[in-house]
Amino acid sequence: EIDQLVVIVDDLDRCLPKTAIATLEAIRLFLFVERTAFVIGADELMIEYAVREHFPDLPPSSGPVSYARNYLEKLIQVPFRAPALGLAETRVYVTLLLAENALGAKDERFLRLLAAARDDMRRPWKSRGLDRRTVEAAMAGRMPSEVDQALVISAHVTKILSEGTRGNPRQIKRFLNSMMLRHAIAEERGFGVEVQRPVLAKIMLAERFYPDFYEQIARLAANAPEGKPEAIARFEESVRVPREDDDEDEKPAP
């Protein structure tokens, strides 16, 4: 008396080629069973690689499509590709991850923020990410410093992080996890108070996406008294000076 049986197989691409193909072959036996469906989450390129590894004697292609691609197309009847995160989605995602880390997943304030984010993402083409007014409303007028810092960090890192990771949520989360770990290490070593997370995030962005620039900063800091090189001070001063066409209320951030 089952209305429908849905079997979900996630992360199939993480299996060894032999295991991945054995799983797909087992699924093939039940494809035509009534009221049964299989949902497979996997990287197509990895599964194609597994097919080639499992059937090494196959010719490279049959017409315009390879045998590995044919194998998948005959097995997967309705393909769906998860789109990459855009700028707005990345900013929302970063803010939510940092807010969850600060408040906890079951905190009422975080749940309200999560509900606001879901509502905002109903029309992502109109979204600018979670703005301060929305976050303050979710916090019921009492903005914790950690959440306020999450807003600052998301504003600073979203563009470069979105472009550098090509909107990959896993890589975005890994970046934030690394940032939190480094800050925790600094706290254990006794200088966590002196490390500002927005600044740490910017330095890590440089380390990840602009390694040559990061190496220059690291060398200057290593050779300067107290780790504060004069060249960096001059650089900061140059970006703090407003241009003539800048409005007084919109001076460039350091």
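Engineer: Which residues make up unusual backbone geometry, and what are the values?
Structural biologist: Non-glycine residue arginine 166 carries a positive phi angle of around 55°. In this fold, arginine 166 is placed in the loop between α7 (145-165) and α8 (169-188). According to the relative accessible area criterion, arginine 166 is exposed, its value standing at 72%. One non-glycine residue, glutamate 226, adopts positive backbone phi at about 60°. Mapped onto the elements, glutamate 226 comes out in the loop between α10 (211-223) and α11 (230-240).

Engineer: Now, about the pattern of salt bridges: what can you tell me, with residues and values included?
Structural biologist: Following the criterion strictly, the structure yields ten salt bridges and no others. For glutamate 25, the salt bridge is made with arginine 28, and the minimal N-O distance between the two is 3.6 Å. Of the two residues, glutamate 25 and arginine 28 both sit in helix α1 (residues 17-28), three residues apart, roughly one turn of that helix. Using a relative accessible area of 30% as the deciding quantity, one classes glutamate 25 as partly exposed.

Reading the values: the criteria
- Residues numbered from 1 in each chain as written.
- Predicted model: local features only at pLDDT ≥ 70, side-chain atom pairs only at ≥ 80, totals over all residues.
- Heavy atoms only, no water.
- Helix = DSSP H or I, 4+ residues; strand = E, 2+ residues; numbered from the N terminus.
- Buried < 20%, exposed > 50% of the residue type's maximum accessible area, 1.4 Å probe, protein only.
- Salt bridge = Lys/Arg side-chain N within 4 Å of Asp/Glu carboxyl O.

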